[in-house]
Amino acid sequence: MNRANKPSTLSATPGPEPQAQVTVSSDNSRVSAQLPTGESIDVLLHGATVLSWKDAAGDEKLWLSDAAKLDGSGPARGGIPLVFPVFGTSDHPPVAKLPQHGFARNSRWEFLGKSTSEGATSGVKLDFGLSSDNVDETIQALWPYKYTLLYSVTLEPKNLVTTLVISNDGETSFEFQTLLHTYFKVNNIEDVQVTGLEDASYIDKVDGLKTKAQSGAVTFSGETDRIYTPAIPPSEPLVITEAGKPKFSIVRQNLENAVVFNPWVEKAKATADLEPKDAWKNLVCVEPGTVGGWHQLDKGDTFEVAQTISLP
Ligand SMILES: O=P(O)(O)OC[C@H]1O[C@@H](O)[C@H](O)[C@@H](O)[C@@H]1O
């Protein structure tokens, strides 16, 4: 049939409402995605840092500094910076010259694409890649291995899943630590507790690296910077509560540690890119990682780590 003669009844007849779809948009600096139910994420290509995670009501779940560097001039303060291949700084020879928390959070990643699932349980997965050929030449010289990092950020109505797959593409084994440095947004840190760390041992970074034992839930009344080895398996959640109500639960995959961090008053003052200065009240970092020792990755091997953060 000639198209021009086609009866126009098809367009005139009201059909079922078109199903809202997952939307993904990207530009030169970030990738954003929104589910039909309203949840959204925003990921900065610099560091593949998740900067924002909003629930269906538009409420932000992550803390981001007002002074965060978002122009690639440094790692972003807030969201979910990725720590690799060293946690903090270390005199362990292969990483001794690397900057604090390594280079993944301060390298420009490539957006590799999206996968979406539509329907009642719609979701979106954004994939990002960083390979040894694409990091800064200074870093290539300081940490001269061949590797690919694949980072996937999956948004579902109640969950945010971040997965890092590390592959050794070279001839030489390398050792690494990694950690997902999530800054959670809270209303008042003094009302916050972290459960799931009862009976865990921890290294207290604000008390001479002493090893201590946790009794009861973690509460906050001063600068807190601790490397926990939870007594529970990674599949059992660490839970952040505020004023007695669960806010976030965190399940770990292949990450045997959890760092708990709040800078409190003085460290917040001393941290140039932390604004406003009283924002220490509004953040808590609970950071699944493998940071107690060194994980060796041999030629051709891969290692996958992940966190699933769920809302109540
Ligand atoms: O200032 P940075 O490099 O982002 O690190 C923030 C904090 O990150 C935490 O994971 C560390 O345990 C702290 O010691 C550190 O201060």
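Here the structure is a predicted model, which means the values were calculated and not measured.

Conventions we followed
Along each chain, residues carry numbers from 1 onward, in the same order as the chain's sequence is written. Whole-chain, interface and lining totals are the exception, using all residues; otherwise, since this is a predicted model, local features are given only for residues with pLDDT of at least 70 and side-chain atom pairs are given and counted only at 80 or more. Processing note: side-chain calculations cover all non-hydrogen atoms of the structure and skip hydrogens and water entirely. Residues are counted as near a molecule or strand when any one of their heavy atoms sits within 4 Å of it. We call two N or O atoms a polar contact when they sit within 3.5 Å, provided that within protein one can donate a hydrogen and the other can accept it, with sequence-adjacent residues counted only if both atoms are side-chain atoms. Accessible surface is estimated by sampling points in the Shrake-Rupley manner with a 1.4 Å probe; for residues, cover comes only from the protein chains shown. Residues are grouped as follows: Ala, Val, Leu, Ile, Met, Phe, Trp, Tyr, Cys and Pro are nonpolar; Asp, Glu, Lys and Arg are charged; every other residue, Gly included, is polar. To pair, rings of Phe, Tyr and Trp, with the six-membered ring standing in for Trp, must have centres within 6.5 Å; the planes then decide the type, stacked if under 30 degrees apart, edge-to-face if over 60, and tilted in the middle. Secondary structure is summarised from DSSP: a helix means a run of H or I of at least four residues, a strand means a run of E of at least two, and numbering begins at the N terminus for each. Each residue gets one of three labels from its accessible area relative to the maximum for its type: buried under 20%, exposed over 50%, partly exposed in between, using a 1.4 Å probe on protein chains only. Definition used in this section: a nonpolar core is a set of buried Ala, Val, Leu, Ile, Met, Phe, Trp, Tyr and Cys residues joined via side-chain atoms within 4.5 Å. By the convention used here, residues are in contact when the closest approach between their heavy atoms is within 4.5 Å. UniProt positions are given in the numbering used here, feature names are shortened, and annotations may be inferred rather than shown by experiment. Strands were regarded as paired on the criterion that DSSP finds at least two bridges between them.

Now for the site of the ligand. In the vicinity of the ligand, the contacting residues are R77, F87, Q100, H101, R105, H181, K205, D225, V259, F261, K267 and E287. Separating an oxygen atom of the ligand from a side-chain N or O atom of H181 is a distance of 2.7 Å. Residue E287 places a side-chain N or O atom 2.7 Å away from an oxygen atom belonging to the ligand. Contact with the protein chains covers 89% of the free accessible surface of the ligand, which is 390 Å². Along the lines of polarity and charge, the residues of the shell around the ligand split into three nonpolar, three polar and six charged.

Under the criterion given, the structure shown has 20 aromatic pairs. Judged by centre distance (5.8 Å) and plane angle (55°), the rings of F103 and W143 are tilted. Residue F103 is located in the loop between β5 (82–83) and β6 (110–117), and its partner W143 is located in the loop between α2 (137–142) and β8 (147–155); the two are separated by 40 residues in the primary sequence. By the burial criterion, F103 is buried, and W143 matches it. Clustering of aromatic rings is evident, with ring pairs tying together F84, F103, W143, Y145, Y147, F174, F176 and F303.

Counting residues in hydrophobic clusters, the biggest one holds 74 residues, and the most contacted among them are W109, F128 and Y151. If we skip the residues at most four places from it in the chain, W109 touches L45, G47, A48, L82, A104, F128, G129, L130, L149, Y151 and L164. Residues L179, I227, V259 and V291 belong to the second largest nonpolar core, which totals six residues.

If you check UniProt for "binding site: substrate" (unreviewed entry), the listed places come out as R77, Q100 and R105 in our numbering. Separation in sequence by 29 residues is not matched in space for these annotated residues, since their most distant C-alpha atoms are only 13.3 Å apart. With respect to the helices and strands, the residue R77 is situated in the loop between β4 (49–54) and β5. Apart from residues no more than four positions distant in its own chain, R77 is found in contact with W63, L64, S65, A68, Y183, T271 and D273. At 3.0 Å, the side chain of R77 forms a polar contact with the side chain of Y183. With respect to the helices, strands and loops of the structure, Q100 is situated in the loop between β5 and β6. Residue class for Q100 comes out partly exposed when judged on its relative accessible area of 42%. If we skip the residues at most four places from it in the chain, Q100 touches G88, T89 and R105.

Next up on the list: the pairing of strand β2 (residues 30–34). Side chains V31 and A33 of β2 all project onto a buried face; the interleaved residues R30, S32 and Q34 project onto a face where none is buried. Relative to β2, strand β1 (residues 23–26) is paired through four bridges, and the arrangement is antiparallel. In the strand pairing of β2, S25 is matched with S32. Linking β1 back to β2 in an antiparallel pair, the connection comprises three residues. Hairpin connection between β2 and strand β3 (residues 40–44): a loop of five residues separates the two successive antiparallel strands, and G38 in this loop has a positive phi of roughly 110°.

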